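Summary of the model geometry
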Amino acid sequence: MCLGVPGRIEAIRDEQGTPMASVDFGGIRKDVCLAYLPEAEVGDYTLVHVGFAITRIDEASALETLELIRSIGNLAEELGEEPADVAPAPDPVAGAARGGDPLAGSRSVTGGDDA
Amino acid sequence: MKYLDEFNDPELARQQFEDIERIVTRPWALMEVCGGQTHSIVRNGIDQLLPEQVRLIHGPGCPVCVTPLETIDKALAIAARNDTIFCSFGDMLRVPGSHHDLFQIRSNGGDVRVVYSPLDAVRIAADNPDKEVVFFGIGFETTAPANAMTVVEAKRRGLTNFSMLVSHVLVPPAIAAIASSPDTQVNAYLAAGHVNVVMGTAEYEPLVARFDVPIVVTGFEPLDVLEGIRRALLQLEQGRAEVENAYPRAVQAGGNPAAQAVLADVFEVCDRPWRGIGVIPASGWRLSPRYREFDAEHRFEVQDLHVEESPLCRSGEVLQGLIKPNECEQFGTTCTPRKPLGATMVSSEGACAAYYQYRRLDVPEKVRA
């Protein structure tokens, strides 16, 4: 029920006052309601849940997350096989992967009341 | 498919597992709240590949599973009426009520239809003005905006033959209920990312402060789930308890403001009984007074319900993470997806269904020991 499927917006139209889109899911096209994503544009990737677009998928954040996960491996290689005295590993979120404004969502929600 | 394949990369998953191995020094128990994540975990064997010290406890995040039996019985009574077309998500059709399910209502001549989008139910109402069309509006916050739009549309189009049977549930009160339980074993929570897509992350800050537990907003693909687990473990090992977003490509701190505005208009908070768990205060949404005319419970007087839960089903314990599905004596024998005793064996998010699909040949540890 809570599953969301990413798809690309191919066309946008108005259907009796409701903004609707044709969304491509890897070759399958479906009609999707855009009422909750009024700023969506053709070419955007969106997450679709029960026929509604509920968010835009942010490409930069997606790449950042993948880069972060890749950097874990690099970090391990750099640290060699004996990471005991550096474990827990330096937080890769705060460290290597953070050029520019990566994981902006992460930072904004973790900010503030640090324990 | 873009945004799916990349987050299923086995090589990157291996790196995440290795990092988790490095991080963990003590036993920890994490709860993935959402049943969709449970399926991802069990399907991919994530729980079996984690270090032995890390235990995953499956949470109650399956709306089909927690819809109260009394509400199911009401749905069955309404669906059986001659003048009614009853519309539902497909998952609900095999959920056992006290005496039968929606499939049986349909085979007895009831007009029960599966819809993909809730808006389909509104279209059916517009096309069938001589029938009462009732939509079974269940779900967590993820589904609520879609369900809410049905009554907004019905009102806008002046449809008087549409109504919704509402059984909405909310994630933060469920986390609070589990975290307040004196025998809870959960050290950190993986929040259901698509709930946060709608609601944002602010309502989780008070939970972190009150219970001193990490809450990590987590996605659904294998790498997303592993990243949620990894960050939760990192917090625990470092003695931190924060709200953290491990799913930033979909979740923004403020959520979806357009959806929140409609939710605030259409729904109001209410106490809600959860099947197998009991009443959780302020854990549900019902239609607000502005939309009460579309409330199927007000429109249809349903009386003489004799609610009766299966005495054999242990889904309540499964939903609270107290037992694993395959520790139930009925699992895979008297209870299967075709002939379920409880909703957890039915839903595509139910933990019992996940274990039946991917683990039914495993011997549970308790039996082995």
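For every chain, the first residue of the written sequence is number 1, and numbering continues from 1 onward in sequence order. Written order determines the labels here, with chains lettered from A and ligands numbered from 1. Residues qualify for local features only when their pLDDT is at least 70, as the model is predicted, and side-chain atom pairs are given and counted only at 80 or more; totals for whole chains, interfaces and linings, by contrast, use all residues.

Thoughts on the overall build of chain A
What counts, and what does not: Helix numbering and strand numbering both begin at the N terminus, where a helix is a DSSP run of H or I of at least 4 residues and a strand a DSSP run of E of at least 2. Any residue surrounded by 20 or more other C-beta atoms within 10 Å of its C-beta is treated as buried, while 12 or fewer makes it exposed and the intermediate range makes it partly exposed; C-beta atoms here are placed from the backbone. Here, residues touch in the contact sense if the C-beta positions derived from the backbone fall within 7 Å of one another.
When you go through chain A residue by residue, the secondary structure sums to 2 helices and 5 strands. Secondary structure elements of chain A occur, N-terminal to C-terminal, as β-β-β-β-β-α-α. Per-residue burial for chain A yields a buried fraction of 37% across its 115 residues. Within chain A, residue pairs in contact and separated by at least 24 positions form 32% of the contacts whose partners lie at least 6 positions apart.

Considerations on the overall build of chain B
Across its full length, chain B carries 17 helices and 11 strands. Looking at chain B as a whole, 57% of its 369 residues qualify as buried. Look at the contacts in chain B between residues 6 or more apart in sequence, and 77% of them connect residues 24 or more apart.

Considerations on the sheet that holds strand β5 (residues 132-139) of chain B
Residue and element names in this part refer to chain B. Put simply, the rule reads: Only strands joined by at least two bridges in the DSSP assignment are considered to pair. Interaxial angle, 0 to 180 degrees, is taken between N-to-C directions of lines fitted to C-alpha atoms, where a helix line uses only the stretch in contact.
Strand order in the open sheet formed by 6 strands is β4-β3-β5-β6-β11-β10, with mixed pairing between adjacent strands. Both outer strands of the open sheet, β4 (111-114) and β10 (267-274), are each paired with one neighbouring strand and no more. On average, adjacent strands in this sheet sit at an angle of 25 degrees to one another, irrespective of strand direction. Pairing geometry for strand β3 (residues 84-88) and β4, over 4 bridges, is parallel. Pairing of Ser88 across the sheet is with Val114, part of β4. Seen against the sheet, helix α7 (residues 118-127) touches β3, β4, β5 and β6 (162-169) and runs at an angle of roughly 170 degrees to β5. Packing against the sheet, helix α8 (residues 144-157) makes contact with β5, β6, β10 and β11 (278-287), and its axis sits at approximately 155 degrees to β6.

Some remarks on the sheet that holds strand β1 (residues 28-34) of chain B
All names here are of chain B. With parallel pairing, 5 strands are arranged side by side in an open sheet as β2-β1-β7-β8-β9. Looking at which strands have only one partner, the edges of the open sheet turn out to be β2 (54-61) and β9 (243-245). The sheet shows a mean angle of 25 degrees between the axes of neighbouring strands, direction not considered. Of the strands in this sheet, β1, β2, β7 (188-192) and β8 (215-218) are in contact with helix α2 (residues 35-44), which crosses β1 at around 120 degrees.

Concerning the environment of Ala241(B)
Tracing the backbone shows Ala241(B) in the loop between α12 (222-238) and β9. On a C-alpha basis, the gap between Ala241(B) and Val213(B) in space is 5.0 Å, while along the polypeptide they are 28 residues apart.

Some words on the pairing of β8(B)
Residues and elements named next belong to chain B. To be explicit about the condition: A crossover counts as right-handed when, viewed with the strands pointing away from the observer, the path leading from the first strand over the helix to the second turns clockwise.
Burial of β8 is two-sided: the residues Ile215 and Val217 facing one way and the residues Val216 and Thr218 facing the other way are all buried. Of the strand pairs in this sheet, β7 and β8 are connected by 4 bridges, and their pairing is parallel. The partner of Tyr189 across the bridge, within β8, is Ile215. Here β8 pairs with β9 via 3 bridges, running parallel. When the sheet's bridge partners are listed, Val217 is paired in β9 with Asn245. For the crossover from β8 across α12 to β9, the handedness is left-handed.

Looking at the packing of α7(B) against α8(B)
All names here are of chain B. What counts, and what does not: To sort the angles, those under 35 degrees are grouped as roughly parallel, those over 145 as roughly antiparallel, those from 65 to 115 as roughly perpendicular, and the leftovers as oblique. Here a crossing is called left-handed whenever its near helix is offset anticlockwise from the far helix by less than a right angle, and right-handed whenever the offset is clockwise.
It is at 8 Å that the axes of α7 and α8 come closest, and there the two elements cross at 25 degrees. The angle between α7 and α8 places the two elements in the roughly parallel class. For the pair α7 and α8, the sense of crossing is right-handed. Counting all contacts with α7, which are made through Pro118, Leu119, Ala121, Val122, Ala125 and Ala126, the residues of α8 involved are Ala146, Asn147, Met149, Thr150, Glu153, Ala154 and Arg157.

Thoughts on the confidence of the model for chain B
What counts, and what does not: pLDDT gives the predictor's per-residue confidence on a scale running from 0 to 100.
Across chain B, the average pLDDT comes to 94, with 98% of residues at or above 70. Note on the complex model: pTM 0.88, ipTM 0.92.

Structural notes on the interface of chain B and chain A
Often, the extent of an interface is quoted as the loss of accessible area upon association of its parts. Counted only if it meets this: Side-chain classes are defined by residue name, with Ala, Val, Leu, Ile, Met, Phe, Trp, Tyr, Cys and Pro counting as nonpolar, Asp, Glu, Lys and Arg as charged, and the others, Gly among them, as polar.
Across the contact, 59 residues belong to chain B and 45 residues belong to chain A. For the side of chain B that touches chain A, the element with the most residues is helix α1 (residues 10-23) of chain B, which contributes 7 residues. Tallied by class, the residues present in the side of chain B that touches chain A amount to 32 nonpolar, 14 polar and 13 charged.

Remarks on the pairing of β7(B)
On a regular strand, one side chain projects to one face of the sheet and the next to the other, so that they alternate. Residue and element names in this part refer to chain B. Counting buried residues in β7 gives 5 out of 5 residues, a clear majority hidden from the surface. Examined bridge by bridge, β1 and β7 share 3 bridges and lie parallel to one another. Following the sheet pairing, Met31 is matched in β7 by Tyr189.

Observations concerning the environment of His298(B)
Tracing the backbone shows His298(B) in helix α14 (residues 296-299). Between the C-alpha atom of His298(B) and that of Ala176(B), which follows or precedes it by 122 residues, the distance is 30 Å.

Here's the deal with helix α13 (residues 257-266) of chain B
An α-helical segment advances 3.6 residues per turn. Residues three or four places apart therefore align on the same side. Selection criterion: Think of it as the arc spanned by the lines of direction from the helix axis to the C-beta atoms.
Looking only at α13(B), the buried set comprises Ala259(B), Leu263(B) and Val266(B). Angular distribution of buried residues about the axis of α13(B) spans 75 degrees; they occupy a single face of the element. Across from the buried face of α13(B), at angles greater than 90 degrees, the exposed residues are Pro257(B), Ala261(B) and Ala264(B). Of the surrounding elements, those touching the buried residues of α13(B) are β5 (52-56) of chain A together with α8, α10 (193-199), β10 and β11 of chain B.

Topic: unusual backbone geometry
Within the chain, Val50(A) stands out as a residue other than glycine whose phi angle is a positive 40 degrees. Tracing the chain through its elements places Val50(A) in the loop between β4 (45-49) and β5. Assessed through the 24 C-beta atoms surrounding it within 10 Å, Val50(A) is described here as buried. Not every positive phi belongs to a glycine, and Ala282(B) is a case in point at roughly 50 degrees. Mapped onto the elements, Ala282(B) comes out in strand β11. What makes Ala282(B) partly exposed here is the crowd of 13 C-beta atoms within 10 Å.

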